[in-house]
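Chain residues, written in single-letter form:
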Amino acid sequence: MMANTDFHLQFQEFEDESNAMGSKSQETTINIEKHISKPQKQRRVAGVTLPEEENDPLETDDKTKLLSGQKERAPFWTFEYYQAFFDVETHQVKDRIIGSVLPWPGKNFVRVYIRNNPDLYGPFWICATLVFAIGISGNMSSFFVHHGQPQYKYVPDFRKVTMAATAIYSYAWLVPLVLWGFLAWRNSKVTNIVTYSFLEIVCVYGYSLAIYVPAVVLWIIPSEGLRWCSIVVALCLSGSVLVLTFWPAVRDDRPRIFIAITFTIVALHVLLAVGCKAYFFSTYDTTNTIKVVEPVEVNKTLSAIKAH
């Protein structure tokens, strides 16, 4: 009995609870690490070790091509190819329109506003707006000129819209194409730092026509003085944009070539404005001819009856 009592009264040493928990967590950690087949790579950022994300080879390749400028473009017969030419912000279009309406000496329109990012959104809609402005203003001008005449019956002339579209879009595309080809040919013969792409030239010509939209609206008023004044102002502003833009590209050429190119650019611009005014806003009154011819024909008829 004493032996059993002494056995129960003896103290036994046990491990500390914290040490026991630590050893268990360590064993658990070791067991978890053993079951991981591919440990994650680690990187140290600001003294903290973080797991490094595995890079997708396809994503890395796309980023490399994009940064190096070797991103493949869509074929020209797809919609995605032309979508890039209309990728422009509203404030950029506004700044380019203001820059074309208010040219400043010493500021190149391409270098200041386009910055190797030409767009077709602004030129396309400026030309479309100008076409409809010419068609509507031309019909309204004819109505006001012949208004009040008893023999005149107003009939809208939709051919003016077709003729205006042909003239404006041909000027905005064919002239830049010829100019780009000529400048490329001259740059191959003359060392020149300033060169423009075809889209940049189209962008310049398209935005240079923006000043004609308010000028054409003023042509509704049947006043020749006001019309010619608005033509002169529009020609000076838009012509200055073209001359200031293309002058650095031809100034290093021979004087005869420089003068010929400048004169051709200005002459075609003047021809477009004067031609639109003469064709769509003519104040020639055809009813006067009818009033003069009709009495003559009546008198001839009466004289022939009396003779018989």
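The structure displayed is predicted, hence computed values, not measured ones.

A. Molecular detail of the UniProt feature "transmembrane region" (unreviewed entry) in the protein. In the numbering adopted here, UniProt assigns the feature "transmembrane region" (unreviewed entry) to residues 120–144, 164–185, 197–222, 228–250 and 257–280. Counting secondary structure, residues 197–222 comes out at 69% helix and 0% strand; the distance between its end C-alpha atoms is 41 Å. Secondary structure across residues 228–250 comprises 100% helix and 0% strand; the distance between its end C-alpha atoms is 31 Å.

B. Local environment of the pattern of salt bridges. Within this structure, the stated rule accounts for five salt bridges. With its nearest N and O atoms 3.4 Å apart, the salt bridge here joins Glu224 to Arg227. Here the residue Glu224 and the residue Arg227 both occupy positions in helix α11 (residues 224–250), the gap between them amounting to three residues, near one helical turn. Residue Arg227 is classed as buried on the basis of its relative accessible area, which comes to 0%. Residue Lys277 is joined to Glu224 by a salt bridge in which the shortest nitrogen-to-oxygen separation is 2.6 Å. Of this pair, Lys277 sits in helix α12 (residues 255–280) while Glu224 sits in helix α11, and the two are 53 residues apart along the sequence. What makes Lys277 buried here is its relative accessible area of 8%. Within this structure, Glu224, Arg227 and Lys277 form a network of salt bridges that share partners.

C. Molecular detail of a nonpolar patch on the surface. Residues Phe132, Ile136, Met140, Phe143, Phe144 and Tyr154 make up a contiguous nonpolar surface patch of about 570 Å² in total accessible area. Its place among the elements puts Met140 in helix α7 (residues 121–146). According to the relative accessible area criterion, Met140 is partly exposed, its value standing at 34%.

D. Representation of the nonpolar core. Counting residues in hydrophobic clusters, the biggest one holds 48 residues, and the most contacted among them are Tyr205, Leu209 and Phe246. Within the residue set of this core, elements represented by two or more residues are α6 (109–114), α7, α8 (159–187), α9 (198–208), α10 (212–218), α11 and α12. Residue contributions to this core peak at eight residues, all from α11. Every residue in contact with Phe246, bar those within four places of it in the chain, is listed here: Leu179, Leu183, Tyr196, Ile201, Val204, Tyr205 and Ile265.

E. Focus on α9. Burial analysis of α9 places nine of its 11 residues in the buried class, which makes it a mostly covered element. Listed as buried for α9 are Glu200, Ile201, Val202, Cys203, Val204, Tyr205, Gly206, Tyr207 and Ser208.

The rules behind each value
Residues numbered from 1 in each chain as written. Predicted model: local features only at pLDDT ≥ 70, side-chain atom pairs only at ≥ 80, totals over all residues. Heavy atoms only, no water. UniProt positions renumbered as here; feature names shortened; annotations may be inferred. Helix = DSSP H or I, 4+ residues; strand = E, 2+ residues; numbered from the N terminus. Salt bridge = Lys/Arg side-chain N within 4 Å of Asp/Glu carboxyl O. Buried < 20%, exposed > 50% of the residue type's maximum accessible area, 1.4 Å probe, protein only. Patch = residues over 30% accessible without salt bridge, like charges linked within 9 Å, V, L, I, M, F, W, Y side chains within 5 Å. Areas by Shrake-Rupley, 256 points an atom, 1.4 Å probe, with all protein chains shown as cover. Core = buried A, V, L, I, M, F, W, Y, C linked by side-chain atoms within 4.5 Å. Contact = heavy atoms within 4.5 Å.

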